[in-house]
Every structure is written in structure tokens, then in C-alpha cells.
Amino acid sequence: LFRSRAPAPNCWAILNANTGTSSTYPQVYVNNSAIYVKTGSKSLYFKSSSTTYAYAIFPAIGMPLNTLRITFSHKEESEANSGILAVGYITDPMDASTFVELAQYTRLTKIWQDEELTLSGVPAAVANTARLAFRYGGGPNNNYFVGIDDIMLQEVDFSCPGLTDISATTGD
């Protein structure tokens, strides 16, 4: 997904963040630091601000969001000091107040965490126009990192629910 060193991924919108490498926080950019890359050579990279959330907003997808599932991996720098990562949707990519959180993720230091979220909670009224977004920030300190990698969107067939809690027994 992230093929070149760039201030932001191609076609993504960045809101409330510096996309360079200055000392102004928060920041969002494509990074090639091996410690925050799970697969390949690049990842989406946030540096936190204790007072301002930053948003990385997906390009328009061309499918209703409420028919999709997102999977991704994330890795935080500090369990105590990193910001809080959330996934949600935004109805106006220029207005952070239109972000609606769907899920928030636990901070675990230096451990890649794999996540899966079905986006069925996106209301039908905005599913065709809203854009998916990551939000990060709000930790106790500035300049703590999260790397996000292996982002994948899949269409979900709700008529065929997934299997959970499967067990096998032998019978007579």
C-alpha cells in the first residue's frame, strides 16, 4: 500500500497534522523505519500530540462502507505515553468534528497487533459518501509513535456469517 516515501499516502487526506518531519506535532506520513514496518518497506506513521488528534483519511472507496471489513496491524512506541488509535468514518474530510469513532485500540509496547473490524456500524445514510479514517493522539505526551501496516479492505457477505467458537467432539 505504501510504496514511496511521501508526506502522506497517495490520494489520502491528512487532517490536523504536519506531514513533514519538523518538530510540530501531531504528524502523519509514510515512514520507512524498519521498527514500524511489519511487511514490505513502508508504513503509515503517526507522531502523537497530547492536545490534538491527527487523521489519516482513506480515499473514496466506491463501495458502501457498511459492506466492508478492515484488517490492519499497528505497533505503538509506549504503552503509557502513546496516543490512542481509533478507526471510524468522517463525513467531511476537512472537518474533524464529523469523525465518528467505530473502534479504539489498546496500546501495547513494541508488539504488532492484528485487528479486524466489520464496518456494519456505519449508517446507511452516510455509507456511500463517508470516508474511512484512522485517528491518533490524545496521549499524555507529544512525539510518541504508532506504525500502521498491512491495511486491507474486504467486502463482507452478511448472508453468510463467520464461524466462531468452533469445537469438535467424537461421537459414537
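Residues numbered from 1 in each chain as written. Predicted model: local features only at pLDDT ≥ 70, side-chain atom pairs only at ≥ 80, totals over all residues. Heavy atoms only, no water.

(A) Highlighting the overall build of the chain. Within the chain, the secondary structure is distributed over zero helices and 10 strands. The N-to-C order of helical and strand elements in the chain reads β-β-β-β-β-β-β-β-β-β. Among the 172 residues that make up the chain, the fraction classed as buried is 44%. Partitioning the contacts of the chain with sequence separation of at least 6, the portion at a separation of at least 24 is 73%. (Helix = DSSP H or I, 4+ residues; strand = E, 2+ residues; numbered from the N terminus. Buried < 20%, exposed > 50% of the residue type's maximum accessible area, 1.4 Å probe, protein only. Contact = heavy atoms within 4.5 Å.)

(B) Local environment of the side chain of Thr-71. Within the secondary structure, Thr-71 is located in strand 5 (residues 68–76). Looking at Thr-71, the relative accessible area reads 15%, which means it is buried. Contact partners of Thr-71, with chain neighbours within four places excluded, come to Glu-115, Glu-116, Asp-150, Ile-151 and Met-152.

(C) Local environment of the sheet that holds strand 10 (residues 145–155). Strand order across the open sheet formed by five strands is 2-3-10-5-8, with antiparallel pairing between neighbours. Each edge of the open sheet carries a strand with a single partner, namely strand 2 (27–31) and strand 8 (113–118). Between one strand and the next, the sheet's axes are offset by a mean angle of 30°, whatever the strand orientation. Bridge analysis of strand 2 against strand 3 (residues 43–47) gives five bridges, and the strand direction is antiparallel. By the bridge assignment for strand 3, Tyr-29 is matched with Tyr-45. (Pairing = 2+ DSSP bridges. Axes fitted to C-alpha atoms, helices over the stretch in contact; angles between N-to-C directions.)

(D) Inspection of the sheet that holds strand 6 (residues 84–90) at higher detail. Across the sheet, which stays open at both edges, the five strands sit in the order 1-4-9-6-7 with antiparallel pairing between neighbours. At either margin of the open sheet sits one strand with a lone partner, and together these are strand 1 (13–15) and strand 7 (99–105). Ignoring strand direction, the axes of neighbouring strands in this sheet form an average angle of 25°.

(E) Geometry of the nonpolar core. One finds Leu-44, Phe-46, Ile-70, Phe-72, Phe-134, Ile-148 and Ile-151 to be the most contacted residues of the largest nonpolar core, which totals 28 residues. Of all the secondary-structure elements, those providing two or more residues to this core are strand 3, strand 4 (54–57), strand 5, strand 6, strand 7, strand 9 (131–137) and strand 10. (Core = buried A, V, L, I, M, F, W, Y, C linked by side-chain atoms within 4.5 Å.)

(F) Local environment of the pairing of strand 9. Taking burial as the measure, the seven residues of strand 9 include seven buried ones, the bulk of the element. Of the two faces of strand 9, the one carrying Arg-131, Ala-133, Arg-135 and Gly-137 and the one carrying Leu-132, Phe-134 and Tyr-136 are both buried. Alignment of strand 4 against strand 9, held across four bridges, turns out to be antiparallel. Paired with Ala-56 across the two strands is Phe-134, which belongs to strand 9. Of the pairings in the sheet, the one linking strand 6 to strand 9 comprises seven bridges and is antiparallel in character. When the bridges of strand 9 are listed, Gly-88 appears paired with Ala-133.

(G) Region of interest: the pattern of salt bridges. Per the stated rule, a full pass over the model turns up three salt bridges. A salt bridge links Lys-38 to Asp-114, with the nearest nitrogen and oxygen atoms 2.6 Å apart. Taken together, the positions of Lys-38 in the loop between strand 2 and strand 3 and Asp-114 in strand 8 put the pair 76 residues apart, joining distant regions of the chain. Residue Asp-114 is classed as exposed on the basis of its relative accessible area of 54%. The shortest N-O distance in the salt bridge between Arg-135 and Glu-101 comes to 2.4 Å. With a gap of 34 residues between them, Arg-135 in strand 9 and Glu-101 in strand 7 connect regions that are remote in the sequence. (Salt bridge = Lys/Arg side-chain N within 4 Å of Asp/Glu carboxyl O.)

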